[in-house]
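# Analysis of the macromolecular model
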Amino acid sequence: MIVRGRDWTSRRLVELEIEGPTIQRVVPLDSDASGAPDEDGPILAPAFWDIQTNGRWGWSFSSPDLTVDQVIEIVRAQRGLGVARLCPTLITAPPEATIHGLETIAQACAQAPDVDRMIVGIHLEGPFLSELPGYRGTHPAECMRDPDWSLFERFQAASGGRVVLMTLAPERAGSAEFIRRAVGAGVAIALGHTAADEEAIRWAVEAGASLSTHLGNGIAADLPRHPNPIWRQAAEDRLSASLIADGHHLDASTLRVLVRAKGWSRVILVSDAGWLAGLPPGNYGAWDVDPAGKIVLAGTPSLAGSTQGLATGLRVLDAIEPAFPRPLLDAVTVNPARLLRRPEPSLAACEPADLVVLRRSETGGVVLERTCVAGEWFDPVE
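Let me begin by describing the structure that accompanies this report. (Residues numbered from 1 in each chain as written. Predicted model: local features only at pLDDT ≥ 70, side-chain atom pairs only at ≥ 80, totals over all residues. Heavy atoms only, no water.)

### Description of the overall build of the chain
A count of helices and strands for the chain gives 10 helices and 21 strands. Over its C-alpha trace the chain gives a radius of gyration of 20 Å, about what one expects of a compact globule, namely 21 Å for 382 residues. Each of the three principal axes of the chain carries a C-alpha extent, and together these read 65 × 45 × 45 Å. Burial status across the chain gives 55% buried among its 382 residues. Sequence separation of 24 or more characterises 69% of the internal contacts of the chain that already satisfy a separation of 6 or more. Surface exposure of the chain reaches about 15300 Å², of which carbon and sulfur atoms provide 50%. One way to put it: in the chain the 34 positive side-chain charges average out to a point 4 Å from where the 48 negative ones average out. (Helix = DSSP H or I, 4+ residues; strand = E, 2+ residues; numbered from the N terminus. Rg over C-alpha atoms; globule rule 2.2 N^0.38 Å. Buried < 20%, exposed > 50% of the residue type's maximum accessible area, 1.4 Å probe, protein only. Contact = heavy atoms within 4.5 Å. Areas by Shrake-Rupley, 256 points an atom, 1.4 Å probe, with all protein chains shown as cover. Lys, Arg positive; Asp, Glu negative; His and termini not counted. Charge placed at Lys NZ, Arg CZ, Asp CG, Glu CD.)

### Regarding a negative patch on the surface
Negative charge collects at one region of the surface, where E171, D197, E198 and E199 lie side by side. Relative to the helices and strands, E171 resides in the loop between β10 (163-168) and α5 (175-184). The partly exposed category is assigned to E171, whose relative accessible area is 32%. (Patch = residues over 30% accessible without salt bridge, like charges linked within 9 Å, V, L, I, M, F, W, Y side chains within 5 Å. Salt bridge = Lys/Arg side-chain N within 4 Å of Asp/Glu carboxyl O.)

### Things to note about the packing of aromatic side chains
Applying the stated criterion across every chain yields a total of five aromatic pairs. Ring centres of F128 and F178 lie 5.3 Å apart, and the angle between their planes is 75°; this geometry places the pair in the edge-to-face category. Of this pair, F128 sits in the loop between β9 (122-125) and α4 (149-159) while F178 sits in helix α5, placing them 50 residues apart in sequence. Seen from their ring centres, F152 and F178 are 5.7 Å apart, and the 85° between their planes marks the pair as edge-to-face. Placement of the pair is F152 in helix α4 and F178 in helix α5, with a sequence separation of 26 residues. On the basis of relative accessibility, which here comes to 3%, the residue F152 falls in the buried class. Here the aromatic cluster, defined as three or more aromatic residues joined through ring pairs, consists of F128, W149, F152 and F178. One residue, R85, lies across the ring of W49, its end atom 5.1 Å from the ring centre. (Phe/Tyr/Trp six-rings, centres within 6.5 Å; stacked < 30°, edge-to-face > 60°. Lys NZ or Arg CZ within 6 Å of the ring centre and 35° of its normal.)

### Observations concerning the nonpolar core
Within the largest apolar cluster, 97 residues are counted, with the highest numbers of intra-cluster contacts made by F178, I189, L243, L269 and L358. Residues in contact with L358, not counting those within four places in the same chain, are P42, I43, F48, F324, L329, V366, V367 and L368. If you look at the next biggest cluster of nonpolar residues, it comprises 15 residues, including C87, V120, A190 and I244. (Core = buried A, V, L, I, M, F, W, Y, C linked by side-chain atoms within 4.5 Å.)

### Description of the sheet that holds strand β16 (residues 287-290)
Read from one edge of the open sheet, four strands run β15-β16-β17-β18, paired in antiparallel fashion. On the outer flanks of this sheet lie β15 (282-284) and β18 (303-306), each paired with one strand and no other. With strand direction ignored, the average angle separating the axes of adjacent strands in the sheet is 25°. Pairing between β16 and strand β17 (residues 294-297): four bridges, direction antiparallel. Paired with D288 across the strands is V296, a residue of β17. (Pairing = 2+ DSSP bridges. Axes fitted to C-alpha atoms, helices over the stretch in contact; angles between N-to-C directions.)

### Side note on helix α2 (residues 95-111)
A rise of 1.5 Å per residue sets the reference length of α2, with its 17 residues, at 24 Å; its end C-alpha atoms lie 24 Å apart and thus fit the reference within 8%. When we look at burial in α2, the residues that qualify are P95, A97, T98, I99, G101, L102, T104, I105, A106, A108 and C109. In this structure, the buried side of α2 is in contact with α1 (68-77), β8 (83-91), α3 (113-118), β9, α4 and β10. (Expected span 1.5 Å × (residues − 1).)

### Considerations on the pattern of salt bridges
Using the criterion set out here, one finds 17 salt bridges in the structure. The salt bridge involving D114 is made with R79; its shortest N-O contact spans 4.0 Å. Residue D114 is found in helix α3, and its partner R79 is found in the loop between α1 and β8; the two are separated by 35 residues along the sequence. Classification of D114 by relative accessible area gives partly exposed; the value is 27%. Among the salt bridges present, the one from E236 reaches R238, with a minimum N-O distance of 2.9 Å. Residue R238 is classed as partly exposed on the basis of its relative accessible area, which comes to 46%.

### A short note on the state of the cysteines
For the structure on display, the rule yields zero disulfides. In this structure C87 is not part of a disulfide, and its nearest cysteine sulfur, from C109, lies 11 Å away. (Disulfide = S-S within 2.5 Å.)

### Regarding the side chain of T312
With respect to the helices, strands and loops of the structure, T312 is situated in helix α9 (residues 310-320). Given a relative accessible area of 9%, T312 falls into the buried group. The residues contacting T312, other than those within four sequence positions of it, are A245, D246 and E382.

### Thoughts on the sheet that holds strand β11 (residues 188-191)
If you trace the eight strands from one edge of the open sheet to the other, you get β5-β8-β9-β10-β11-β12-β13-β14, paired in parallel fashion. Of all the strands in the sheet, the pair left with one neighbour each is β5 (48-53) and β14 (267-269). Note: β11 against strand β12 (residues 211-212), two bridges, orientation parallel. From the neighbouring strand, L191 faces β12, where its bridge partner is S212. Strands in contact with α4 are β9 and β10; relative to β10, the strand with the most contacts, it is inclined by about 145°.

In structure tokens, the structure reads:
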């Protein structure tokens, strides 16, 4: 299989030879078949990493009724969204429900090798979060608790050792010691759904926390102008930040400021796709899927998740802070891999054949044309 396009780093025309799930050769070319430089040709880049996605089609990774088949279908669906590696994300729930979700994901990995390959690890968003109104978002307050290492060990055992990222609120008692132990065990710690003051954030970072989860969201609507947890985390250079750039969770000015505060090497785009992603607009009990591409509490403007993929985030962010192809694409490839201490994805011989074909539309927006995962091609879906 031969694929031709412009390399995402050099922007030179290249030809990739793919055999099975692997890139065999990358050959630089001087021009297209007509002899003219292909300045407007497609960009070839590594496929995306999404470290925060919660489910699809009404199925949640946090559901006590989650099945192996549902996990397999949700994970495989990510290929149409440009994603080759992901972290299924479980939000706060009773421990039994969380353990069920973790065990079910582990069973899906054992049953389907392609799913096991795509899941880089599991993200636990809770239950060690703030129970305060506004800060907890849609997480159930009654299930919140202080960090508990023995409970985490139960979660990790249920997952088969797959928990690689955990979001917590550092103001909760015992957070610093928990962070030290988790980081020592190879788990990345993120701060989120938090009302932490400057001291709590500093202690968390010194203990090893390395990320702010969906910075600017999962926080009270009414805050002091300054200081507040958003600015404290934005100013902390030792924290990367995941951002939801779906056009709803962060307005353009805030998104631009956060990207500039962090710098491109510390920005990670996440979909935060909710369990209703992939379903048509309408009411789903306590939730509404808005035609604009967001999930809200029924009858309110309160956000409860996104329905958009990372391609939307790239388009939104590039329109606000143009940086295509790099460093924009680092936010969905190199940066999340680095956070999770994994090899940085690249297009090179002997690397996995996980790549996307991207192009600028006539109006200038970034468009996902095709995705290749393990040598198999998929058309885009939203």
